[in-house]
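# Notes for the structure review
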Amino acid sequence: GRPVTGMQHNPAVAALASELLHNPAPPEPSNVDGYPAPPGGKGTAAGGEMKVIIAGGGTGGHLFPAVALGEELKRERPGTEVLHVGTSAGMEARWLPKSGHAYELLEVHGLRGKDVISRIKALAEFASAIRRARSILSHFGADLVVSAGGYASAPTAVAAIISRQPLGLRER
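Attention now goes to the overall build of the protein chain. When helices and strands are counted, the protein chain shows 5 helices and 5 strands. Moving toward the C terminus, one meets the helices and strands of the protein chain in the order α-β-α-β-α-β-α-β-α-β. Across the 172 residues in the protein chain, those meeting the buried criterion constitute 39%. When contacts within the protein chain are restricted to residue pairs at least 6 apart in sequence, long-range pairs at least 24 apart make up 65% of them. By element, 57% of the accessible surface of the protein chain is carried by carbon and sulfur atoms, the whole surface being about 9,100 Å².

Here it is in structure tokens:
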């Protein structure tokens, strides 16, 4: 993908990438051999290839730091595959297709209106976005999910929790 201007080798982004790569969430005990393999089965603890989903966007304040994080993860560990998840209504829907970065878009918005019908529709849309995000996680085989803020991040984070995927939270 195309580098994000002004974000290349940003010390804060580099520190977060290093933290995510070198200090993964502790594995949950299993009753078979002590600990399960990483979800993607790629040997992430040993420095192997890694698949990371970074969810977030809506505005440049969420999107561009998320893209910079993905670039830093790939720079630090070249075998890393990054998939960005955003919304069909955010600026990522226009920017990501031109960028060369891998991406998926969710149909999700904030709560609109104050009437009961609008809120019920928003909750149904959110539930649908969680189902879609779980499908994306499953098909991509993510080893790690990073929630970077914005409307796409919440259903993707919930999907990661439900799917018992390691989840990192990053807010601008």
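Next, the rest of the story.
Okay, the sheet that holds strand S1 (residues 51-55) next. The strand order S3-S2-S1-S4-S5 describes an open sheet built from 5 strands, whose pairing is parallel. Unpaired on one side and paired on the other, strand S3 (103-106) and strand S5 (167-169) mark the two borders of the sheet. Here the average twist between neighbouring strands, direction ignored, is 20°. Both S1 and strand S4 (residues 144-147) contribute to a ladder of 4 bridges, which runs parallel.

Definitions and limits used
Residues numbered from 1 in each chain as written. Predicted model: local features only at pLDDT ≥ 70, side-chain atom pairs only at ≥ 80, totals over all residues. Heavy atoms only, no water. Helix = DSSP H or I, 4+ residues; strand = E, 2+ residues; numbered from the N terminus. Buried < 20%, exposed > 50% of the residue type's maximum accessible area, 1.4 Å probe, protein only. Contact = heavy atoms within 4.5 Å. Areas by Shrake-Rupley, 256 points an atom, 1.4 Å probe, with all protein chains shown as cover. Pairing = 2+ DSSP bridges. Axes fitted to C-alpha atoms, helices over the stretch in contact; angles between N-to-C directions.

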